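# Notes for the structure review
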Amino acid sequence: MKLQWWKILAILLLAYTIVAGFLTDVPRLAILHESIRNLYFHVTMWFTMIIVMLISLIYGIKYLGSQKAEHDIVAEETAKTGVVFGILGLITGSVWAKFTWGAWWVNDAKLNGAAATLLVYFAYLFLRSSIEDSEKRARISAVYSIFAYSMMIVFIMILPRLTDSLHPGNGGNPGFNTYDLDNTMRIVFYPAIIGWTLLALWIAEVRVRIHKLRLKQDEK
Amino acid sequence: MKNIHKFFLFFSAIVFSSLPAFAEQEEIEMADQLRSSGKIYIVVAVLLIILIGLIIFMIQIDRKVSRLEKKNQNNS
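Residues numbered from 1 in each chain as written. Chains lettered and ligands numbered in written order. Predicted model: local features only at pLDDT ≥ 70, side-chain atom pairs only at ≥ 80, totals over all residues. Heavy atoms only, no water.

## Remarks on the side chain of Ser94(A)
All names here are of chain A. Examined against the element boundaries, Ser94 turns out to sit in helix H3 (residues 69-100). Residue classification places Ser94 among the buried residues on the basis of a relative accessible area of 16%. In this structure Ser94 touches Ala103 and Trp104, once residues within four positions along its chain are discounted. (Helix = DSSP H or I, 4+ residues; strand = E, 2+ residues; numbered from the N terminus. Buried < 20%, exposed > 50% of the residue type's maximum accessible area, 1.4 Å probe, protein only. Contact = heavy atoms within 4.5 Å.)

## Section: the environment of Gly195(A)
Residue and element names in this part refer to chain A. Tracing the backbone shows Gly195 in helix H6 (residues 183-219). The buried category is assigned to Gly195, whose relative accessible area is 0%. Along the sequence, Gly195 and Thr17 sit 178 residues apart, while their C-alpha atoms lie 8.0 Å from each other.

## Re the pattern of salt bridges
Residue and element names in this part refer to chain A. Enumeration according to the criterion identifies eleven salt bridges over all chains in this entry. A salt bridge links Lys7 to Glu205; the nearest nitrogen and oxygen atoms lie 3.1 Å apart. You can see Lys7 sitting in helix H1 (residues 5-23) and its partner Glu205 sitting in helix H6, a full 198 residues away along the chain. On the basis of relative accessible area, Lys7 is assigned to the buried category, the value being 0%. We note a salt bridge from Lys80 to Glu76, for which the minimum N-O separation is 2.8 Å. Of this pair, Lys80 and Glu76 both sit in helix H3, four residues apart, which is roughly one turn of that helix. A residue is classified by how much of its surface remains accessible, and Glu76, at 11% relative accessible area, is buried. (Salt bridge = Lys/Arg side-chain N within 4 Å of Asp/Glu carboxyl O.)

## Concerning unusual backbone geometry
If a residue is not glycine, its phi is most likely negative; likewise, a peptide bond is most likely trans. All names here are of chain A. Even without being glycine, His33 reaches a positive phi, approximately 50°. Tracing the backbone through its elements, the reader meets His33 in the loop between H1 and helix H2 (42-66). The class for His33 is partly exposed, based on a relative accessible area of 26%. Positive phi, close to 60°, is recorded for Gln67, a residue that is not glycine.

## As for the packing of H2(A) against helix H5 (residues 134-162) of chain A
Residues and elements named next belong to chain A. Taken N-terminus to C-terminus, the directions of H2 and H5 make an angle of 145°; their axes are 9 Å apart at the nearest point. For H2 against H5, the interelement crossing comes out left-handed. The residues of H5 that touch H2, namely those facing Met49, Ile50, Met53, Leu54, Leu57, Gly60, Ile61, Tyr63 and Leu64, are Glu135, Ala138, Arg139, Ala142, Val143, Ser145, Ile146, Tyr149, Met152, Ile156 and Met157. Taken together, the residues of the contact of H2 with H5 break down into 16 nonpolar, two polar and two charged. (Axes fitted to C-alpha atoms, helices over the stretch in contact; angles between N-to-C directions. Left-handed = near helix turned anticlockwise from the far one by under 90°. Nonpolar A, V, L, I, M, F, W, Y, C, P; charged D, E, K, R; others polar.)

## Description of the nonpolar core
All names here are of chain A. Membership of the largest hydrophobic core comes to 38 residues, with the highest contact counts inside it found for Tyr40, Trp196 and Trp202. Ranked by residues supplied to this core, first place goes to H6 with twelve residues. If sequence neighbours within four positions are ignored, Tyr40 has contacts with Thr17, Gly21, Thr24, Val26, Thr184, Met185, Val188, Phe189, Ala192 and Trp196. Ala75, Ala116, Tyr121 and Tyr124 belong to the second-largest nonpolar core, a separate cluster that totals 20 residues. (Core = buried A, V, L, I, M, F, W, Y, C linked by side-chain atoms within 4.5 Å.)

## Describing the interface of chain A and chain B
Across the boundary between the two partners, chain A contributes 29 residues, which contact 25 residues of chain B. Here chain A meets chain B over a buried area of about 2500 Å², counting both sides, of which 70% is carbon and sulfur. The tally of links between chain A and chain B comes to three salt bridges. Residue Asp62(B) is joined to Lys7(A) by a salt bridge in which the shortest nitrogen-to-oxygen separation is 2.7 Å. Seen at the junction of chain A and chain B, the total is six residue pairs in polar contact (both at pLDDT 80 or more). Among the elements that line the side of chain A that touches chain B, the one with the most residues is H6(A), at ten residues. When its residues are assigned to classes, the side of chain A that touches chain B shows 19 nonpolar, two polar and eight charged. (Buried area = accessible area lost by both parts, 1.4 Å probe. Polar contact = N/O pair within 3.5 Å; in protein donor to acceptor, adjacent residues only side chain to side chain.)

Shown next, in the form of structure tokens:
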């Protein structure tokens, strides 16, 4: 089997993220110190989740138009992978918060929004598992995923920016400049996002193939 | 005269010895020593090993699924 080019790209970008992420210069900022390097690992988890969930949403909408079971399988497996990355983002954020803000969790719009987002997607998975009929399950969960994605945007992109937040990039002043993302960090940060996202898609792709095999097995 | 000379030496010794301390307060603490002594490379090496291990695992899973898919196509 020859590895597809985008899987090789994922490996290369992740290796680059680790090497460049630790060895390049970063801005010297109070409180953050070296932990600013978490940008390449914690923040990218959330970017990955948002991108993967977008793919899940697109395939959900595609299903509504096509009624093809394949589209529903892709929507389900990408959503599951996205949830894993979301959980990793939440845990790593909690560790980072403990050593910069002094607490594992603070009652902050961004943090609570992230937790609420995960709950919305847990509900998506529970909804899926609670409906026996596969066509009904696909249709209802596709409609729900439109709602889920909209809620995610509200919870982690809009609400935190309307209030004050400890988390960088919020409090009415969004954008990368607020966390002093200088150009040396950009050349690691952007490839890191692509690398982690491709890894997530790789995992999702394998899960989709296993899912299809299982369906075929059931048919026999 | 000799005493003044000694006093000047003593005074300058105090001033200069305290200068690095002031400079240190201004600086933000980073893992400079870790990096200058080369030990950050150990962390990078460890993480690369973990990444390589996980990737190999991932490739194996990928291949296993490919084999199953082939088997399935032959059967049907």
